[in-house]
Amino acid sequence: MYLLGVSSSQVSRQFSKPNPPVINSTKTINERTVSISWAEGVPVPNNYPVTSVVVEVSPPVKNFSIFDNSNPVVVNGDFLTSTSYKFRLRAFNIHGNSDLSLETEPVNPTRDFGGGLGTQNNPAPSGLAFAQARPAAPSGYYWIKSVSMSNPVQMYVDMVEEGGGYDFYPITNGIAASYSTDSHSGTSLGLDLVYPRSQAHWRAMYNYITNVVGGSLATYLQTTGKVFASVRTVAAGGYPAAPNLNGNYTPYAMKSGSVPDWRVPDGGRWWLKDSAFSEPNGDYYANGFLGLYAASYTIDSNGSLSGFNDAAAYSTGTSYLVSTNAKQ
(Lines give C-alpha, C1' and ligand atoms only; values in the text may rest on other atoms or scores of the structure.)
Protein backbone atom coordinates (compact mmCIF):
# COMPACT_ATOMS: atom_id res chain seq x y z
CA MET A 1 0.00 0.00 0.00
CA TYR A 2 1.20 3.47 -0.85
CA LEU A 3 0.13 6.76 0.65
CA LEU A 4 0.96 9.87 -1.33
CA GLY A 5 3.94 8.10 -2.81
CA VAL A 6 5.14 6.74 0.57
CA SER A 7 4.91 3.04 1.36
CA SER A 8 3.21 1.81 4.54
CA SER A 9 6.52 0.33 5.63
CA GLN A 10 8.10 3.79 5.35
CA VAL A 11 5.27 5.28 7.44
CA SER A 12 5.85 2.62 10.06
CA ARG A 13 9.53 3.38 10.13
CA GLN A 14 9.10 7.13 10.27
CA PHE A 15 6.17 7.45 12.64
CA SER A 16 6.23 4.86 15.41
CA LYS A 17 6.46 4.37 19.11
CA PRO A 18 9.70 5.51 20.82
CA ASN A 19 12.68 3.38 21.64
CA PRO A 20 13.32 2.53 25.31
CA PRO A 21 14.66 5.51 27.28
CA VAL A 22 18.20 5.50 28.63
CA ILE A 23 18.59 6.01 32.39
CA ASN A 24 21.52 8.27 33.19
CA SER A 25 21.45 8.33 36.99
CA THR A 26 19.38 7.90 40.14
CA LYS A 27 19.52 10.20 43.15
CA THR A 28 18.06 9.69 46.61
CA ILE A 29 16.24 12.82 47.79
CA ASN A 30 14.99 11.42 51.10
CA GLU A 31 13.86 8.10 52.60
CA ARG A 32 10.72 8.01 50.41
CA THR A 33 11.83 9.78 47.25
CA VAL A 34 14.07 8.96 44.28
CA SER A 35 14.92 11.15 41.28
CA ILE A 36 15.70 9.34 37.98
CA SER A 37 17.45 11.24 35.18
CA TRP A 38 16.86 9.85 31.67
CA ALA A 39 17.29 10.53 27.97
CA GLU A 40 15.27 9.46 24.94
CA GLY A 41 16.43 6.28 23.27
CA VAL A 42 17.84 6.22 19.76
CA PRO A 43 15.32 8.41 17.86
CA VAL A 44 13.34 7.18 14.89
CA PRO A 45 13.65 9.65 11.96
CA ASN A 46 10.83 12.19 11.93
CA ASN A 47 9.37 10.58 15.03
CA TYR A 48 7.22 12.40 17.58
CA PRO A 49 8.93 13.23 20.88
CA VAL A 50 8.41 11.39 24.13
CA THR A 51 5.56 12.97 26.07
CA SER A 52 5.81 11.03 29.34
CA VAL A 53 7.36 8.06 31.07
CA VAL A 54 6.18 5.45 33.52
CA VAL A 55 8.38 3.86 36.15
CA GLU A 56 8.48 0.25 37.26
CA VAL A 57 10.21 -0.77 40.47
CA SER A 58 11.39 -4.19 41.58
CA PRO A 59 10.57 -5.55 44.10
CA PRO A 60 7.17 -3.86 44.47
CA VAL A 61 6.88 -0.88 46.85
CA LYS A 62 3.79 0.05 48.83
CA ASN A 63 2.26 3.44 47.99
CA PHE A 64 4.55 3.80 44.95
CA SER A 65 3.69 6.80 42.77
CA ILE A 66 5.15 9.35 40.36
CA PHE A 67 5.47 12.76 41.96
CA ASP A 68 6.92 14.58 38.94
CA ASN A 69 6.71 13.15 35.40
CA SER A 70 9.26 15.48 33.80
CA ASN A 71 12.99 14.84 33.49
CA PRO A 72 14.24 13.79 35.93
CA VAL A 73 11.19 11.81 36.93
CA VAL A 74 10.58 11.81 40.71
CA VAL A 75 8.94 8.85 42.47
CA ASN A 76 7.74 8.27 46.03
CA GLY A 77 7.13 5.10 48.02
CA ASP A 78 7.39 3.30 51.33
CA PHE A 79 10.87 1.90 50.78
CA LEU A 80 12.14 -0.63 53.31
CA THR A 81 15.46 -0.41 55.12
CA SER A 82 16.21 -4.09 54.47
CA THR A 83 15.61 -4.03 50.68
CA SER A 84 17.40 -2.70 47.60
CA TYR A 85 15.42 -1.62 44.55
CA LYS A 86 15.89 -1.40 40.77
CA PHE A 87 13.99 0.95 38.46
CA ARG A 88 13.04 0.74 34.76
CA LEU A 89 11.35 3.33 32.55
CA ARG A 90 8.91 3.07 29.66
CA ALA A 91 8.49 6.05 27.31
CA PHE A 92 5.31 7.23 25.59
CA ASN A 93 4.54 9.35 22.54
CA ILE A 94 1.37 9.77 20.47
CA HIS A 95 2.06 6.48 18.65
CA GLY A 96 2.41 4.27 21.73
CA ASN A 97 4.82 3.14 24.39
CA SER A 98 8.36 1.84 24.26
CA ASP A 99 9.75 -1.34 25.64
CA LEU A 100 11.19 -1.13 29.14
CA SER A 101 14.61 0.41 29.64
CA LEU A 102 17.51 -1.42 31.22
CA GLU A 103 17.41 -1.61 35.02
CA THR A 104 19.21 0.86 37.23
CA GLU A 105 21.85 -0.25 39.67
CA PRO A 106 20.31 -1.32 43.03
CA VAL A 107 19.49 1.57 45.35
CA ASN A 108 17.95 1.82 48.80
CA PRO A 109 16.56 5.29 49.56
CA THR A 110 16.06 4.54 53.25
CA ARG A 111 19.64 3.39 53.82
CA ASP A 112 21.20 5.87 51.42
CA PHE A 113 19.58 8.84 53.12
CA GLY A 114 21.21 8.69 56.55
CA GLY A 115 20.75 4.96 56.85
CA GLY A 116 17.09 5.35 57.70
CA LEU A 117 18.32 6.60 61.04
CA GLY A 118 15.71 7.57 63.58
CA THR A 119 13.15 4.90 62.70
CA GLN A 120 12.01 2.22 65.13
CA ASN A 121 13.68 -0.47 63.01
CA ASN A 122 16.90 1.54 62.72
CA PRO A 123 17.30 3.83 65.74
CA ALA A 124 20.14 6.31 65.87
CA PRO A 125 22.76 5.85 68.60
CA SER A 126 22.22 9.46 69.71
CA GLY A 127 20.73 12.75 68.62
CA LEU A 128 24.23 13.79 67.60
CA ALA A 129 24.64 10.77 65.29
CA PHE A 130 21.20 11.48 63.83
CA ALA A 131 22.07 15.12 63.13
CA GLN A 132 25.35 14.17 61.51
CA ALA A 133 23.68 11.63 59.22
CA ARG A 134 20.58 13.68 58.46
CA PRO A 135 21.53 17.35 58.75
CA ALA A 136 18.50 18.50 56.74
CA ALA A 137 15.96 16.78 59.00
CA PRO A 138 13.71 18.98 61.14
CA SER A 139 13.68 19.03 64.93
CA GLY A 140 11.33 16.37 66.23
CA TYR A 141 10.94 12.96 67.82
CA TYR A 142 13.16 10.18 66.50
CA TRP A 143 14.00 6.70 67.72
CA ILE A 144 17.27 6.58 69.66
CA LYS A 145 19.20 3.67 71.15
CA SER A 146 22.67 4.30 72.53
CA VAL A 147 25.06 1.53 73.54
CA SER A 148 23.95 1.96 77.16
CA MET A 149 20.24 1.62 76.31
CA SER A 150 18.63 -1.83 76.25
CA ASN A 151 15.67 -0.61 74.18
CA PRO A 152 15.11 2.25 71.74
CA VAL A 153 12.91 5.16 72.82
CA GLN A 154 11.54 8.15 70.95
CA MET A 155 13.55 11.19 71.93
CA TYR A 156 13.25 14.79 70.83
CA VAL A 157 16.25 15.88 68.75
CA ASP A 158 16.91 19.60 68.44
CA MET A 159 18.22 20.27 64.92
CA VAL A 160 18.74 24.02 65.32
CA GLU A 161 21.24 24.83 68.05
CA GLU A 162 24.96 24.46 67.32
CA GLY A 163 24.35 22.32 64.24
CA GLY A 164 21.74 20.11 65.89
CA GLY A 165 22.01 16.90 67.89
CA TYR A 166 20.91 17.76 71.42
CA ASP A 167 18.45 15.04 72.48
CA PHE A 168 15.88 15.04 75.29
CA TYR A 169 13.54 12.56 76.90
CA PRO A 170 11.04 13.97 79.43
CA ILE A 171 10.56 12.18 82.75
CA THR A 172 7.31 12.79 84.64
CA ASN A 173 6.31 11.24 87.96
CA GLY A 174 9.80 9.82 88.18
CA ILE A 175 12.37 9.14 90.85
CA ALA A 176 13.84 12.38 92.21
CA ALA A 177 17.60 12.80 92.56
CA SER A 178 19.70 15.30 94.53
CA TYR A 179 23.21 13.93 94.04
CA SER A 180 25.26 12.80 91.05
CA THR A 181 25.52 9.39 92.71
CA ASP A 182 21.71 8.96 92.87
CA SER A 183 19.76 6.74 90.51
CA HIS A 184 16.78 8.34 88.77
CA SER A 185 14.13 7.32 86.26
CA GLY A 186 16.48 7.78 83.32
CA THR A 187 18.92 5.24 84.76
CA SER A 188 16.83 2.21 83.80
CA LEU A 189 16.51 3.59 80.27
CA GLY A 190 20.28 3.95 79.90
CA LEU A 191 20.01 7.75 79.93
CA ASP A 192 21.32 10.38 82.33
CA LEU A 193 20.29 13.80 83.55
CA VAL A 194 21.19 16.52 81.06
CA TYR A 195 24.78 17.77 81.02
CA PRO A 196 24.21 21.42 80.03
CA ARG A 197 26.91 22.08 77.44
CA SER A 198 26.32 25.72 76.49
CA GLN A 199 23.92 28.64 76.46
CA ALA A 200 22.63 27.31 73.13
CA HIS A 201 21.93 23.97 74.85
CA TRP A 202 19.92 25.77 77.53
CA ARG A 203 18.07 27.59 74.76
CA ALA A 204 17.24 24.24 73.15
CA MET A 205 15.85 23.03 76.50
CA TYR A 206 13.81 26.21 76.88
CA ASN A 207 12.31 25.78 73.39
CA TYR A 208 11.60 22.09 73.91
CA ILE A 209 9.84 22.52 77.25
CA THR A 210 7.97 25.67 76.25
CA ASN A 211 7.08 25.01 72.60
CA VAL A 212 7.05 21.22 72.24
CA VAL A 213 6.10 19.77 75.61
CA GLY A 214 4.03 22.83 76.46
CA GLY A 215 5.10 22.41 80.05
CA SER A 216 6.40 24.57 82.84
CA LEU A 217 10.08 25.41 82.96
CA ALA A 218 9.86 25.32 86.74
CA THR A 219 8.57 21.74 86.53
CA TYR A 220 11.43 20.34 84.46
CA LEU A 221 14.34 22.59 85.48
CA GLN A 222 14.44 22.50 89.26
CA THR A 223 18.21 22.09 89.10
CA THR A 224 20.99 23.02 86.66
CA GLY A 225 21.39 19.48 85.36
CA LYS A 226 24.20 17.14 86.29
CA VAL A 227 26.84 19.73 87.16
CA PHE A 228 28.54 18.95 90.48
CA ALA A 229 31.74 18.98 92.53
CA SER A 230 32.99 15.89 94.32
CA VAL A 231 34.75 18.03 96.97
CA ARG A 232 32.59 18.87 99.95
CA THR A 233 32.79 22.62 100.31
CA VAL A 234 31.15 22.87 103.72
CA ALA A 235 34.15 23.33 106.03
CA ALA A 236 32.27 22.64 109.25
CA GLY A 237 31.91 19.28 111.00
CA GLY A 238 35.35 18.00 110.11
CA TYR A 239 34.76 17.84 106.35
CA PRO A 240 37.39 19.48 104.14
CA ALA A 241 36.68 22.59 102.16
CA ALA A 242 37.77 22.96 98.54
CA PRO A 243 41.52 23.64 98.42
CA ASN A 244 42.39 27.29 99.03
CA LEU A 245 38.82 28.43 98.42
CA ASN A 246 37.00 27.68 101.68
CA GLY A 247 34.20 26.44 99.43
CA ASN A 248 33.69 29.82 97.81
CA TYR A 249 33.57 29.78 93.98
CA THR A 250 32.09 33.24 93.52
CA PRO A 251 35.24 34.64 91.83
CA TYR A 252 34.76 32.22 88.94
CA ALA A 253 32.50 31.98 85.88
CA MET A 254 30.63 28.72 86.28
CA LYS A 255 31.61 26.91 83.10
CA SER A 256 34.12 24.30 82.00
CA GLY A 257 37.68 25.54 81.81
CA SER A 258 37.01 28.47 84.15
CA VAL A 259 36.34 26.98 87.59
CA PRO A 260 38.18 24.21 89.49
CA ASP A 261 36.51 21.09 90.91
CA TRP A 262 33.17 21.39 89.12
CA ARG A 263 32.35 19.13 86.20
CA VAL A 264 29.85 16.89 84.39
CA PRO A 265 30.23 13.08 84.50
CA ASP A 266 31.94 12.66 81.13
CA GLY A 267 34.44 15.45 81.79
CA GLY A 268 33.15 17.33 78.75
CA ARG A 269 32.01 20.87 78.13
CA TRP A 270 29.43 22.46 80.44
CA TRP A 271 28.03 25.96 80.96
CA LEU A 272 25.99 27.91 83.51
CA LYS A 273 27.32 31.47 83.24
CA ASP A 274 30.01 33.46 81.43
CA SER A 275 30.70 35.75 84.37
CA ALA A 276 31.18 35.45 88.13
CA PHE A 277 28.07 35.19 90.29
CA SER A 278 27.26 35.27 94.00
CA GLU A 279 26.98 31.46 94.08
CA PRO A 280 28.31 28.84 94.80
CA ASN A 281 29.44 30.49 98.01
CA GLY A 282 30.38 27.50 100.13
CA ASP A 283 27.33 25.80 101.70
CA TYR A 284 27.52 22.87 99.31
CA TYR A 285 27.35 19.10 99.83
CA ALA A 286 29.66 16.89 97.75
CA ASN A 287 28.06 15.64 94.52
CA GLY A 288 24.90 17.65 95.16
CA PHE A 289 23.00 19.56 92.48
CA LEU A 290 22.72 23.31 92.21
CA GLY A 291 19.21 24.74 92.44
CA LEU A 292 17.71 26.63 89.50
CA TYR A 293 13.94 27.05 89.74
CA ALA A 294 14.13 25.17 93.04
CA ALA A 295 16.14 28.16 94.31
CA SER A 296 13.87 30.77 92.67
CA TYR A 297 16.13 31.44 89.68
CA THR A 298 14.98 31.36 86.05
CA ILE A 299 16.02 30.82 82.44
CA ASP A 300 15.04 33.16 79.61
CA SER A 301 14.26 32.42 75.96
CA ASN A 302 17.88 33.04 74.99
CA GLY A 303 19.11 30.36 77.37
CA SER A 304 20.52 32.72 79.99
CA LEU A 305 20.27 31.67 83.63
CA SER A 306 19.45 34.39 86.14
CA GLY A 307 21.39 32.42 88.76
CA PHE A 308 21.64 29.25 90.88
CA ASN A 309 22.29 28.26 94.48
CA ASP A 310 24.49 25.68 96.16
CA ALA A 311 22.76 25.40 99.56
CA ALA A 312 23.30 21.74 100.51
CA ALA A 313 21.93 19.71 97.55
CA TYR A 314 18.80 20.51 95.51
CA SER A 315 16.38 17.89 94.21
CA THR A 316 15.41 17.47 90.56
CA GLY A 317 11.84 16.84 91.62
CA THR A 318 9.88 14.12 89.84
CA SER A 319 9.92 15.76 86.38
CA TYR A 320 13.15 16.46 84.50
CA LEU A 321 14.97 15.92 81.21
CA VAL A 322 17.33 13.03 80.51
CA SER A 323 19.61 12.59 77.52
CA THR A 324 22.31 10.51 75.83
CA ASN A 325 24.54 13.59 76.35
CA ALA A 326 26.51 12.56 73.25
CA LYS A 327 26.84 16.10 71.92
CA GLN A 328 29.67 17.90 73.69
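Just so it is clear, the structure is predicted and the values come from calculations on it, not from any experiment.

**Q** How would you explain the overall build of the protein if you had to name every residue and give the values?
**A** Along the protein, the regular secondary structure elements total 5 helices and 20 strands. Relative to its 328 residues, the protein shows a buried fraction of 46%. Intrachain contacts of the protein at a sequence separation of at least 6 include 62% that bridge at least 24 residues. Carbon and sulfur atoms make up 51% of the accessible area of the protein, which amounts to about 15,200 Å² in all.

**Q** Describe the sheet that holds strand 20 (residues 320–323), with residues and values.
**A** The 5 strands lie next to each other as 10-11-12-20-13, forming an open sheet whose pairing is antiparallel. Edge positions in the open sheet fall to strand 10 (140–144) and strand 13 (192–193), since each of these has one partner strand only. One ladder, built from 3 bridges, connects strand 11 (residues 153–158) with strand 12 (residues 166–171); its direction is antiparallel. From the neighbouring strand, aspartate 158 faces strand 12, where its bridge partner is tyrosine 166. Strands strand 10, strand 11, strand 12 and strand 20 of the sheet are contacted by helix 4 (residues 199–213), whose axis makes an angle of about 45 degrees with strand 12.

**Q** I'd like to hear about unusual backbone geometry, residue by residue, with values.
**A** Cis geometry marks the peptide bond from serine 58 to proline 59, where omega comes out at -5 degrees. When you line up the elements, proline 59 lands in the loop between strand 5 (52–58) and strand 6 (65–68). Although it is not a glycine, serine 296 adopts a positive phi angle of roughly 70 degrees. Secondary-structure assignment places serine 296 in the loop between strand 18 (289–291) and strand 19 (309–314). Of note in this structure, alanine 312 is not a glycine but carries a positive phi near 60 degrees.

Conventions used here
Along each chain, numbering runs from 1 in the same order as the chain's sequence is written. Local features in this predicted model are restricted to residues of pLDDT 70 or higher, and side-chain atom pairs are both shown and tallied only at a pLDDT of 80 or more, whereas totals for entire chains, interfaces and linings draw on every residue. Values reported for side chains reflect all heavy atoms of the structure, with hydrogen atoms and water molecules removed beforehand. The secondary structure listing takes helices from DSSP runs of H or I that are at least 4 residues long and strands from runs of E that are at least 2 residues long, numbered from the N terminus. For every residue, the accessible area obtained with a 1.4 Å probe (protein chains only) is divided by the maximum for its type, and the residue is called buried under 20%, exposed over 50%, and partly exposed between those limits. Here, two residues are considered to be in contact whenever any of their heavy atoms come within 4.5 Å of each other. For the area figures, the Shrake-Rupley method with a 1.4 Å probe applies, and any residue is considered shielded solely by the protein chains shown. Strands pair, by our definition, only if DSSP identifies at least two bridges between them. In this analysis, axes come from line fits to C-alpha atoms, helices being fitted only over the stretch in contact, and the angle between any two N-to-C directions falls in the range 0 to 180 degrees.

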